[in-house]
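# Per-entry structural report
One-letter residues, chain by chain:
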Amino acid sequence: MTLLPVTLAAAAAAAILTLWLSIRIGAVRQATSISVGDGGNEPLQRRMRAQANFVENTPFVFALILAIELSGKGSSWLAYVAAIYFLARIAHAFGMDDGAARIGRMIGTIVTMLVLLGLAIIALLIMNGLM
């Protein structure tokens, strides 16, 4: 049996972050009595998009982490990359709330793109025997 500690930790982090994003949406829904859709409420739309953006990007990051770890090339650096990704997604979620934390959205977006690109390049290098 192959133990995949980075993949397992990333899966746990993704599950916890998904729950947190859902709870944030639920808080706005409860405060505004909007049970279905967004009711045109911008704070709710922002939180829903933060969650959707997380769900759109995380499967690709997760698949790359898994593939790299399975290849045996994902030493401790892979855990740091995963942690940076999830911290960026938290910053993005706070940044999607309008206000002083807005810069978190930009940071989260840029870091997400860099992580995706970096992991993709590493996967291609591994596939071609260059790493």
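Everything below is about the structure shown above.
The notes below deal with the structure included here. (Residues numbered from 1 in each chain as written. Predicted model: local features only at pLDDT ≥ 70, side-chain atom pairs only at ≥ 80, totals over all residues. Heavy atoms only, no water.)

### Looking at the overall build of the protein chain
Scanning the protein chain for helices and strands turns up four helices and zero strands. When the helices and strands of the protein chain are read in sequence order from the N terminus, they spell out α-α-α-α. Considered along the principal axes of its C-alpha atoms, the protein chain spans approximately 55 × 30 × 20 Å. When burial is assessed residue by residue, the protein chain has 36% of its 131 residues classed as buried. Contacts in the protein chain between residues far apart in sequence, at least 24 positions, make up 64% of those at least 6 positions apart. A total accessible area of about 7600 Å² is found for the protein chain, and carbon and sulfur atoms account for 71% of it. Seen as two clouds, the 9 positive and the 6 negative side-chain charges of the protein chain have centres 3 Å apart. (Helix = DSSP H or I, 4+ residues; strand = E, 2+ residues; numbered from the N terminus. Buried < 20%, exposed > 50% of the residue type's maximum accessible area, 1.4 Å probe, protein only. Contact = heavy atoms within 4.5 Å. Areas by Shrake-Rupley, 256 points an atom, 1.4 Å probe, with all protein chains shown as cover. Lys, Arg positive; Asp, Glu negative; His and termini not counted. Charge placed at Lys NZ, Arg CZ, Asp CG, Glu CD.)

### With respect to a nonpolar patch on the surface
A surface patch of nonpolar side chains, amounting to about 480 Å² of accessible area, comprises Ile103, Met106, Ile107, Ile110 and Leu114. Topologically, Met106 is positioned in helix H4 (residues 103-127). (Patch = residues over 30% accessible without salt bridge, like charges linked within 9 Å, V, L, I, M, F, W, Y side chains within 5 Å. Salt bridge = Lys/Arg side-chain N within 4 Å of Asp/Glu carboxyl O.)

### Quick notes on unusual backbone geometry
Of note in the backbone geometry, Ser33 takes a positive phi value of approximately 60° without being a glycine. Assignment of secondary structure puts Ser33 in the loop between helix H1 (5-32) and helix H2 (42-70). Given the relative accessible area of 68%, Ser33 is considered exposed.

### Points about H2
Here H2 is 29 residues long and its end C-alpha atoms lie 42 Å apart, about the 42 Å a rise of 1.5 Å per residue gives. Thr58 marks where H2 bends most, by close to 30°; the proline Pro59 follows one to four residues later. Phi turns positive, to about 85°, at Gly72, one or two residues after H2. (Expected span 1.5 Å × (residues − 1). Bend = angle between axes of the 7 residues up to and from the residue.)

### Considering the pattern of salt bridges
Here the structure, examined in full by the defined rule, presents four salt bridges. Between Asp97 and Arg24 there is a salt bridge, and its shortest N-O distance comes to 2.8 Å. On the criterion of sequence distance, the pair formed by Asp97 in the loop between helix H3 (76-96) and H4 and Arg24 in helix H1 is long-range, its members being 73 residues apart. You'll find Asp97 and Arg24 in the same group, each marked buried. Here Glu56 ties to Arg49 by a salt bridge, and the two come within 3.2 Å at their closest N and O atoms. Taken together, the shared-partner salt bridges in this structure form one network comprising Arg24, Arg47 and Asp97.

### A word on the nonpolar core
Of all hydrophobic cores here, the largest spans 23 residues; its most connected members are Phe54, Ile65, Phe86 and Leu119. Of all the elements in the fold, those that place two or more residues in this core are H1, H2, H3 and H4. Top contributing element to this core by residue count: H3, with seven residues. (Core = buried A, V, L, I, M, F, W, Y, C linked by side-chain atoms within 4.5 Å.)

### Description of the packing of H2 against H3
The contact between H2 and H3 brings their axes to 10 Å, and the two run at 175°. With respect to H3, the element H2 is oriented roughly antiparallel. Side by side, H2 and H3 meet where Arg46, Arg49, Ala50, Asn53, Phe54, Asn57, Thr58, Val61, Ile65, Ile68 and Glu69 of the first sit next to Trp77, Leu78, Ala82, Tyr85, Phe86, Arg89, His92, Ala93 and Met96 of the second. In the contact of H2 with H3, the residues fall into 12 nonpolar, four polar and four charged. (Axes fitted to C-alpha atoms, helices over the stretch in contact; angles between N-to-C directions. Parallel < 35°, antiparallel > 145°, perpendicular 65-115°, else oblique. Nonpolar A, V, L, I, M, F, W, Y, C, P; charged D, E, K, R; others polar.)

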